[in-house]
2 protein chains.
Amino acid sequence: MNLSKFDFVCEKAREAMLLQTVADTLEWDERTGMPLGGGEYRARQVSYLRGKIHDLRTDAAYGEALKQLDQDMVSDAPSSTTEQIATIRGLLRNWKRDARLPSELVEQISTATVVGQQRWDAARKANDFSMFRDALDEVVRLKREAGQRIAEGTDRSVYEALLDEYEPDARVESLNRMFRDLRKPLVELIEEVRGATKQPDRSLLTRHYPIPLQQSFSHRVAEAIGFDFNRGRLDETSHPFCTTLGPSDCRILSRYDEAWLPAGLFAAMHEAGHGMYEQGLRTDWFGLPPGSYCSLGIHESQSRLWENQVGRGHAFWQWLFDDTKAHFAPVLDDVKREDLHFAMNQIEPSLIRVEADEATYNLHIIIRFDLEQQLIDGSLAIDDLPAAWNDRYESDLGIRPQSDAQGVLQDVHWSAGLIGYFPTYTIGNLASAQLYDAAALDIGDLELEISRGNFQPLLEWLGKHVHSRGQCESGDDIVKNATGKPLEATHLINYLRTKLRRLYGTEAND
Amino acid sequence: MNLSKFDFVCEKAREAMLLQTVADTLEWDERTGMPLGGGEYRARQVSYLRGKIHDLRTDAAYGEALKQLDQDMVSDAPSSTTEQIATIRGLLRNWKRDARLPSELVEQISTATVVGQQRWDAARKANDFSMFRDALDEVVRLKREAGQRIAEGTDRSVYEALLDEYEPDARVESLNRMFRDLRKPLVELIEEVRGATKQPDRSLLTRHYPIPLQQSFSHRVAEAIGFDFNRGRLDETSHPFCTTLGPSDCRILSRYDEAWLPAGLFAAMHEAGHGMYEQGLRTDWFGLPPGSYCSLGIHESQSRLWENQVGRGHAFWQWLFDDTKAHFAPVLDDVKREDLHFAMNQIEPSLIRVEADEATYNLHIIIRFDLEQQLIDGSLAIDDLPAAWNDRYESDLGIRPQSDAQGVLQDVHWSAGLIGYFPTYTIGNLASAQLYDAAALDIGDLELEISRGNFQPLLEWLGKHVHSRGQCESGDDIVKNATGKPLEATHLINYLRTKLRRLYGTEAND
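Conventions we followed
- Just so you know, the residues in each chain are numbered from 1, in the order the chain's sequence is written.
- Labels are handed out in written order, letters beginning with A for the chains and numbers beginning with 1 for the ligands.
- Per-residue local features of the predicted model are confined to residues with pLDDT of at least 70, and side-chain atom pairs are confined, for both listing and counting, to 80 or more; whole-chain, interface and lining totals are unaffected and use all residues.
- For the side-chain quantities, the full set of heavy atoms in the structure was used; hydrogens and water were omitted.
- Numbering of helices and strands starts at the N terminus; helices are DSSP runs of H or I of at least 4 residues and strands are runs of E of at least 2.
- The cut-offs for exposure are 20% and 50% of the maximum accessible area for each residue type, with area from a 1.4 Å probe on protein chains only; residues under the lower value are buried, those over the upper are exposed, and the others partly exposed.
- Definition of a polar contact: a pair of N or O atoms within 3.5 Å, with one able to donate and the other able to accept a hydrogen when the atoms are protein atoms, and with sequence-neighbouring residues admitted only if both atoms are side-chain atoms.
- Between two residues, a contact is recorded if the distance between any of their heavy atoms is within 4.5 Å.
- Note on terms: buried area is the combined drop in 1.4 Å-probe accessible area of two parts once they are placed together, counting the loss on both.
- Salt bridges are identified by distance alone: a Lys or Arg side-chain nitrogen within 4 Å of an Asp or Glu carboxyl oxygen.
- Each residue is assigned to one of three groups, with Ala, Val, Leu, Ile, Met, Phe, Trp, Tyr, Cys and Pro labelled nonpolar, Asp, Glu, Lys and Arg labelled charged, and all others, Gly among them, labelled polar.
- A pair of sulfur atoms, both from cysteines and within 2.5 Å, is called a disulfide here.
- Here, any two strands with at least 2 DSSP bridges between them count as paired.
- Only the stretch in contact is used when fitting a helix axis, every axis being a line fitted to C-alpha atoms; angles between N-to-C directions are given from 0 to 180 degrees.
- Here the copies are superposed with least squares, the fitted atoms being C-alpha atoms of residues at a pLDDT of at least 70 in both.
- Orientation categories follow fixed angle ranges, with anything under 35 degrees roughly parallel, anything over 145 roughly antiparallel, 65 to 115 roughly perpendicular, and all other angles oblique.
- Crossing handedness follows the turn of the near helix against the far one: under a right angle anticlockwise gives a left-handed crossing, and clockwise gives a right-handed one.

Draft legend 1. Molecular detail of the environment of S4(A). All names here are of chain A. In this structure, S4 sits in helix α1 (residues 3-32). By relative accessible area, which is 56% here, S4 ends up exposed. At 3.2 Å, the side chain of S4 forms a polar contact with the side chain of N2.

Draft legend 2. Looking closely at the interface of chain A and chain B. Across the boundary between the two partners, chain A contributes 35 residues, which contact 35 residues of chain B. For the pair chain A and chain B, the summed buried surface comes to about 2,500 Å²; carbon and sulfur atoms form 61% of the total. Taken together, chain A and chain B are joined by four salt bridges. For the salt bridge of D29(B) with R251(A), the shortest nitrogen-to-oxygen distance reads 2.7 Å. Inspection of the region where chain A meets chain B yields 14 residue pairs in polar contact (both at pLDDT 80 or more). For the side of chain A that touches chain B, the secondary-structure elements that each account for two or more residues are α1, α2 (39-57), β1 (232-236), β2 (241-246) and β3 (249-254) of chain A. Top contributing element to the side of chain A that touches chain B by residue count: α1(A), with 10 residues. Residues belonging to the side of chain A that touches chain B are distributed by class as follows: 16 nonpolar, 10 polar and nine charged.

Draft legend 3. Spatial organisation of the state of the cysteines. Here the structure, examined in full by the defined rule, presents zero disulfides over all chains. Free cysteine C250(A): the closest other cysteine sulfur is in C242(A), separated by 3.7 Å.

Draft legend 4. Examining the pattern of salt bridges more closely. All names here are of chain A. Tallied over the full model, the rule gives 91 salt bridges over all chains. Residue K184 is joined to E188 by a salt bridge in which the shortest nitrogen-to-oxygen separation is 3.3 Å. Within this pair, K184 and its partner E188 are both found in helix α8 (residues 172-194), separated by four residues, close to a single helical turn. Overall, E188 belongs to the partly exposed group, its relative accessible area being 41%. Where D370 meets R392, a salt bridge forms, and the shortest distance between an N and an O atom there is 2.9 Å. Here D370, found in helix α14 (residues 358-377), pairs with R392, found in helix α15 (residues 385-397); they are 22 residues apart in sequence, far enough to count as distant.

Draft legend 5. Structural detail: the sheet that holds strand β2 (residues 242-246) of chain B. Pairing is mixed across the open sheet formed by three strands, whose spatial order is β1-β3-β2 (chain B). Two strands close off the open sheet at either side, each with one partner strand: β1 (232-236) and β2 of chain B. Sheet twist, expressed as the mean angle between neighbouring strand axes with direction ignored, is 25°. Bridge analysis of β1(B) against strand β3 (residues 249-254) of chain B gives five bridges, and the strand direction is parallel. By the bridge assignment for β3(B), D235(B) is matched with L253(B). Sitting on the sheet, α2(A) is in contact with β2 and β3 of chain B, with an inclination near 70° to β2(B). Its contacts with the sheet place helix α1 (residues 3-32) of chain B against β1, β2 and β3 of chain B, and it is angled at close to 135° to β2(B).

Draft legend 6. Representation of the relation of the copies chain A and chain B. For the match of chain A to chain B, the screw axis carries a shift of 0.0 Å, the RMSD comes to 0.0 Å, and the turn is 180°. Here the copies are linked by what is in effect a two-fold axis. Mapped onto chain B, 100% of the interface residues of chain A are again interface residues, and the two copies thus contact each other with one and the same surface.

Draft legend 7. Highlighting the sheet that holds β2(A). All names here are of chain A. Strand order in the open sheet formed by three strands is β1-β3-β2, with mixed pairing between adjacent strands. Bordering the open sheet on either side are β1 and β2, each of which pairs with just one other strand. For this sheet, the mean inter-axis angle between neighbouring strands, taken without regard to orientation, is 20°. Relative to β3, β2 runs antiparallel, the two sharing five bridges.

Draft legend 8. Quick look at the pairing of β2(B). Residues and elements named next belong to chain B. Within β2, four of the five residues are buried, which leaves the element mostly enclosed by the surrounding structure. Where β2 lies against β3, four bridges are found, and the strand directions are antiparallel. Paired with C242 across the bridge in β3 is I252. Linkage of β2 to β3, two consecutive antiparallel strands, is achieved through a turn of two residues.

Draft legend 9. Spotlight on the packing of α1(B) against helix α3 (residues 60-76) of chain B. Residues and elements named next belong to chain B. Their axes nearest at 10 Å, the elements α1 and α3 cross at an angle of 135°. Judged by the angle between their axes, α1 and α3 are oblique. Along this stretch, α1 crosses α3, giving a crossing that reads as left-handed. For the pair α1 and α3, contact is made by K5, F6, F8, V9, K12 and A13 and by A61, Y62, A65, L66, Q68 and L69, respectively. Split into classes, the residues belonging to the contact of α1 with α3 amount to nine nonpolar, one polar and two charged.

Listed below in structure tokens is the structure:
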């Protein structure tokens, strides 16, 4: 290992990360409180910084150094540390990817996705896909070109080349297999609980929950489960997200609806889950692969685990119910714990992914995953997309969107060039169930601890098996090493069956 | 005018401003809500950006282009616009200044002032000047060296070279003359009102004013006087300030004390005054001298005008009193307007500049102005500073600090390298009174408009005569052109005499 060369590439990568976190701070500000008038100049600032970041990341000397370090490593592997290997492999992977995309194409994609998001927003408001059609066509065309360039000379498909950016090394075939394993039992389970006599009372959650009370409540819950407010903040925005502005500065954002309690609380828990992953990364390797999140699927597994396995669980509400009642008094005075918990686990097919329950959620993803592959390989024409979308909702979820706004215009992702991103949500759901089961086995009395408000054992387990690993293990290996087997659909299915059958009183089917 | 060369320097200057506003956004975030843990990395981000800004601003090709443009202009002046001339002169002035300071010295000053502020903070908390002594000595030594380099070959003193950064072209002799004109009548006036039988009831302002109510109140007042919330925000911090993050993004910050109403309200009005100046600058010249504030003295004239001439005025409380009563009900139910207004204008020598009234404030400044000159020219040794400070407070304000914390450790400025900065506060006070008088003459019924809550005529007048001028006029010229004569002490003295004698019932002296 040529250490001065290794230091050189690390320094460059850290410099790019420094600028990245600067740009992300500007975007955080833009999405929390920037005055309206600030938008135009802010866009210029961010675009300037992104240009500098791209220059650093595609620098030829940097790439050469990485390639040489990689070659040296082959002969010299035993003397390299896991962190050094992960660093070189991770940075080289990114460099190769970036270097395959000419600046012109990167700029075209950047412009097309800015336009795309604006047109999508306008089209959705006007409920008219035709306003978005050309912009989407352009995004798909450019992303296809990017995918082709990245896939060239490899054994990956064009779609896989795009997917790889979010979920390194993921393959369509294995995703298809997992999704197939998931789909059939999921559809059966959904039908089963939808047919149950016992149904939850949704109206418990649509009472008046004043927003300031929800804010303080979410703050308390995020803190209780382990989000470190000395190294992070919780704010409000229109589309919840999590962003990391430094090794000890993680910002999470939620949104609140005074007539829908779960929105704010579960968004806060979801983002806190992302945030605790970021806070659990190794600060000494900040900006480098050993201190960076592994994949979007693994990231999502952390947010979904805290939101669902913990937050929608029986034990959690044993702990939190009395507090909730007191906090929002007198709104919940007449409500029983089981009824509130049941309402929070209502299963109901809908047209809106971001509001979907745990079971139907994955059906939304599978539809998008299938359709975006067809868009990229050209087997589905843009003009046929709205109908294809509606057909799939009808066949998969049993409800047909009555408008573009409720249909093909639901998600911002494609307009923003995020093609190959959707499957990471379901990977996250599968991994959250599998990791939670393994944690429960290791910890033994996990549910008991949760019912007492002690989340430390779970957080420590995740820290040890997931967070601290950074990119020193692949996503597949993290799951394998933590749970003893590769990612599979069984855990999510079993988890949903057990919980839902108990709540809906259909245990007899067990 | 070589237009391509002109465009080149403008582009460089705008690029530096872009990075400057990025760094300022990070600092705004640091001072409003950054989590504690973010500090270390944030310092690295800001220092990286400051380095890039310094590189751009001291770039040799940029300096050469400016020098050539400046030479061409001499022969070619009639064909240049006012904006072009101001741009070249302003940028060249800054370039020359920056180019005279070797990077090493700039870095030393940067380090010394970071250490200085930390030591100052610790020393103040421990009430022990000796903990700060060495750090201050180092800052003074480095700033003296910087001043010597800037002054070399000019007819400026070393102190004037430092002063020039904040108040271009200001001279000690003329400041001394103005301060002398101000001092004697001011001291007499203070004695007069301190001896009056009628005294205000300070306790009206120390009742319980809940902070959320103060926040919404300050927001309303800032909006009412003309701060544009589409192009700015008002937030909370520990030391109020105003910062501009883009041509249409100005952030002002106040702080609130639930047992001291004036703190939050007048800080908000003060910062809104700064903010309205920034919002009144020409956005088409953002980042260049025609779209930049003229001097710190002129900046301060705007904040003090809104805080004092307007905010502590009779007419303003005719407008605001009933609203205030309703907003904070029932806290002020038993209070009369005249009594509240009188309390807000209490004159009382104190040891704390930032809480000083309008009259004694300037005595605090004169003490600092005198002492910092002696520190720079070496006639006052660091070890003699605490005693010299206390002696001056005794002779000038009639009260002697009983500790370092109440004495020489009062202000952060010197620790931060801000030497030559203090006089701009009094320049601002003098200019605010003089500009207000001129505005009142031009507008005619200014006080009547204010008593009706109509601040538009005043803001428009200031926009026309001050804000929109940017650096196309010097500070002196702005005052001269707006008021018909150079800056002088008379207006402030007359304003204070008239107001205070009326309130304190000493009109007979008139």
